[in-house]
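If you want the building blocks of each chain, they are given just below.
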Amino acid sequence: MRSKIVAGNWKMNKNSEETEDLINELIDKLPTDGNTKIIIAPTFINLASAVDHTEFTNIRVAAQNMHQAENGAYTGEISADMLKSIGVNTVILGHSERRSIFHETDAVISFKVDTALKHDMTVIFCFGEELKDRQNKQHFNIVENQLRDGLFHIDKSAWANIILAYEPVWAIGTGETASPEQAQEMHEFIRETVRKVFGSDIAEDVSILYGGSVKPDNAAAIFSKPDIDGGLIGGAALKADDFVAIVNGI
Ligand code: PEP
């Protein structure tokens, strides 16, 4: 069955002490009885302490990225095995900042997906069009291509470990949000695209998150749509009260 999920991508924010403080605040304020899965993604350096701090809570910890190789001469990189060895079983892959700033292509992202799945990790697979794509009415094509080139080579059996995160690039960190109707239209298209290739069971079961300037005041309207199963939250995940309000908006 499809899960409701709210994930916070902390990006390159929060030092060690701040990470601990924010986690403590989240533990105090997040509901403990809901069905929503809560994921936080602090920076690599704070993952181990985040895993320790959240051990007896309903908060799960994800990495924001990882390298596709098992190990070797890749200075500055982190492997799937390293993440697993500290108890991190979830990884965000294909985030638009990885694509645009660090030049990750669909091909590289697809290798990362393979490596993560080989290590039995859950992948939050991010994708979404740029503003020019939407203006040129290419947004559906772009999204379909990103899914096909980055993800659709996987086995049917691997879908249990996939969470999709549709993040229109023009809405990330800009304060501009897709309207609930725009987001729903794309989520429905994504689910249909998955259905055509992998069948109805997988399409119905996969959680599709929306990301792009989700805030406490727009979360409930976005989450009310039938094909939107939660959110991937950037800026608003850095303030406990905002993140908790977004979780409560589901
Ligand atoms: C993100 O970076 O995944 C994101 C959705 O950021 P923001 O919420 O700040 O737009």
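A quick note: this is a predicted structure, and the numbers were derived from the prediction, not measured. (Residues numbered from 1 in each chain as written. Predicted model: local features only at pLDDT ≥ 70, side-chain atom pairs only at ≥ 80, totals over all residues. Heavy atoms only, no water.)

**Side note on the site of the ligand**
Rules: Proximity criterion: a residue is near a molecule or strand once any of its heavy atoms comes within 4 Å of it. Here a polar contact means two N or O atoms within 3.5 Å. Within protein one must be a hydrogen donor candidate and the other an acceptor candidate, and residues neighboring in sequence count only if both atoms are side-chain atoms. Using the Shrake-Rupley algorithm and a 1.4 Å probe, accessible areas are obtained, with residue cover drawn only from the displayed protein chains.
Around the ligand lies a shell of 14 residues, among which Lys-11, His-95, Glu-167, Gly-173 and Ser-213 are the nearest. Between the ligand and Glu-167, the relevant distance is 2.7 Å, taken from an oxygen atom to a side-chain nitrogen or oxygen of the residue. Gly-235 is positioned with one of its backbone polar atoms (N or O) 2.8 Å from an oxygen atom of the ligand. Burial of the ligand by the surrounding chains reaches 98%, relative to a free accessible area of 290 Å².

**Digging into the pairing of strand S1 (residues 5-9)**
As a reminder of what qualifies: The buried label applies to any residue whose accessible area, calculated with a 1.4 Å probe on protein chains only, is under 20% of its type's maximum; exposed applies above 50%, and partly exposed to all values in between. Only DSSP runs of H or I covering at least 4 residues are called helices, and only runs of E covering at least 2 are called strands; the numbering of each starts at the N terminus. Here a strand pair is declared whenever DSSP counts at least two bridges between the two strands. The handedness of a crossover follows from its direction of travel: if, with the strands pointing away from the viewer, the path from the first strand over the helix to the second runs clockwise, the crossover is right-handed.
The buried count for S1 comes to 5 of 5 residues, which makes it a mostly enclosed element. Side-chain alternation along S1 places Ile-5, Ala-7 and Asn-9 on one buried face and Val-6 and Gly-8 on a second face that is also buried. For S1 and strand S2 (residues 37-41), the ladder comprises 5 bridges, and the chain directions are parallel. Following the sheet pairing, Val-6 is matched in S2 by Ile-38. Once the chain exits S1 it traverses helix H1 (residues 16-29) before rejoining the sheet at S2, and the crossover so formed is right-handed. Two elements, S1 and strand S8 (residues 230-233), share 4 bridges in a ladder whose sense is parallel. Residue pairing in the sheet places Ile-5 in a bridge with Gly-230 of S8.

**Quick look at the packing of aromatic side chains**
Keep this limit in mind: Think of it this way: a Phe, Tyr or Trp ring, Trp meaning its six-membered ring, pairs with another when their centres are within 6.5 Å, and the plane angle makes it stacked under 30 degrees, edge-to-face over 60, tilted otherwise. In this analysis the charged atom, NZ for Lys or CZ for Arg, is taken to sit over a ring once it is within 6 Å of the ring centre and within 35 degrees of the ring normal.
Counting across every chain of the model gives 7 aromatic pairs. With 6.3 Å between their ring centres and 55° between their planes, Tyr-166 and Tyr-210 make a pair best called tilted. Of this pair, Tyr-166 sits in strand S6 (residues 162-166) while Tyr-210 sits in strand S7 (residues 208-211); the two residues are 44 residues apart in sequence, bridging distant segments of the chain. Given a relative accessible area of 0%, Tyr-166 falls into the buried group. In textbook terms, an aromatic cluster arises when at least three aromatic residues are bridged by ring pairs, as seen for Phe-125, Phe-127, Tyr-166 and Tyr-210. The ring of Phe-102 is capped by Arg-98, whose NZ or CZ atom sits 4.0 Å from the centre of that ring.

**A closer look at unusual backbone geometry**
Positive phi, close to 50°, is recorded for Lys-11, a residue that is not glycine. Along the chain, Lys-11 falls in the loop between S1 and H1. Of note in this structure, Asp-120 is not a glycine but carries a positive phi near 60°. Summarising the element assignment, Asp-120 is placed in the loop between helix H5 (106-118) and strand S5 (122-127). We classify Asp-120 as exposed; its relative accessible area is 52%.

**Structural notes on the pairing of S2**
Taken across its 5 residues, S2 has 4 buried, putting it largely inside the fold. The pairing of S2 with strand S3 (residues 59-63) spans 3 bridges and is classified as parallel. Its bridge partner being in S3, Ile-38 is matched across the sheet by Ile-59. Since S2 and S3 lie parallel, the crossover through helix H2 (residues 47-53) that links them has a hand, and here it is right-handed.

**With respect to the packing of H1 against helix H11 (residues 240-248)**
In plain terms, the rule: For helices, the axis comes from a line fit to the C-alpha atoms of the stretch in contact; other axes are also lines fit to C-alpha atoms, and the angle between any two N-to-C directions lies between 0 and 180 degrees. Oblique is the label for any angle not covered by the other classes, which are roughly parallel (under 35 degrees), roughly antiparallel (over 145) and roughly perpendicular (65 to 115). Take the far helix as your reference; a near helix turned counterclockwise from it by less than a right angle gives a left-handed crossing, and one turned clockwise gives a right-handed crossing. Contacts are assigned to residue pairs with any non-hydrogen atoms lying within 4.5 Å of each other.
Two elements in contact, H1 and H11, have axes whose closest approach is 9 Å; the angle formed by their N-to-C orientations is 40°. Looking at the two axes, H1 sits oblique to H11. In this structure, H1 crosses over H11, and the sense of that crossing is right-handed. From H1, Leu-22, Glu-25, Leu-26 and Lys-29 reach across to H11, where they touch Ala-240, Asp-241, Phe-243 and Val-244.

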